[in-house]
Amino acid sequence: MITAKDILAEAKDLLGFSGVGTCETRLRTVISRSYYAAYHHMLAHNRVTRHAATEPKKPTTGTHQAFFDRLANIRDRDVDLARQILMRLYKYRKRADYMLEVNLPTNKARRCCRDAENL
């Protein structure tokens, strides 16, 4: 079994914090892995899992958006800040995975990695 920390470690390794990760496919992978590390970290968060069990998912809502909605309903400042970071990472992950015509600079990949690490 792997953990959110394992996923983040892989992203950091791909980015090469000691060097400069310039290969665009690598940068896209770093952004994607950073998002999923943060997502799995939040899924495992105690305050989140206790609350999520009481709220059913809307049938027309995607899994990720439903999770963001559940986080929004938790009245906790730290959880709300984490939700905002997670939503930003999700936006970048969608760009990295689906918008191949958009250039993704190294600093975006570094920021995504740092944001995931700070959760």
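Here the structure is a predicted model, which means the values were calculated and not measured.

Trainee: Quick rundown of the overall build of the protein? Include the residues and the values.
Mentor: Assigned secondary structure in the protein consists of 6 helices and 0 strands. In the protein, the succession of helices and strands from N to C terminus is α-α-α-α-α-α. Within the protein, the proportion of its 119 residues that are buried is 39%. For the protein, long-range pairs separated by at least 24 residues make up 69% of all intrachain contacts whose partners lie at least 6 apart in sequence.

Trainee: Just give me the short version of the pattern of salt bridges, but keep the residues and values in it.
Mentor: All told, the structure shown has 6 salt bridges when counted by the stated rule. Here Glu-117 makes a salt bridge to Lys-12, at a shortest N to O gap of 2.6 Å. Here Glu-117, found in helix 6 (residues 106-118), pairs with Lys-12, found in helix 1 (residues 4-15); they are 105 residues apart in sequence, far enough to count as distant. The exposure class assigned to Lys-12 is partly exposed, which follows from its relative accessible area of 26%. Salt-bridge contacts for Arg-28 lead to Glu-24; the nearest nitrogen and oxygen are separated by 2.7 Å.

Trainee: Account for the environment of Tyr-35, naming residues and giving values.
Mentor: For Tyr-35, the position within the fold is in helix 2 (residues 24-44). A relative accessible area of 0% means that Tyr-35 is categorised as buried. Sequence separation between Tyr-35 and Ala-116 is 81 residues, and the spatial gap between their C-alpha atoms is 6.7 Å. Ignoring sequence-local partners within four residues, the contact set of Tyr-35 consists of His-64, Phe-68, Leu-86, Leu-89, Tyr-90 and Arg-93.

Reading the values: rules and limits
Residues numbered from 1 in each chain as written. Predicted model: local features only at pLDDT ≥ 70, side-chain atom pairs only at ≥ 80, totals over all residues. Heavy atoms only, no water. Helix = DSSP H or I, 4+ residues; strand = E, 2+ residues; numbered from the N terminus. Buried < 20%, exposed > 50% of the residue type's maximum accessible area, 1.4 Å probe, protein only. Contact = heavy atoms within 4.5 Å. Salt bridge = Lys/Arg side-chain N within 4 Å of Asp/Glu carboxyl O.

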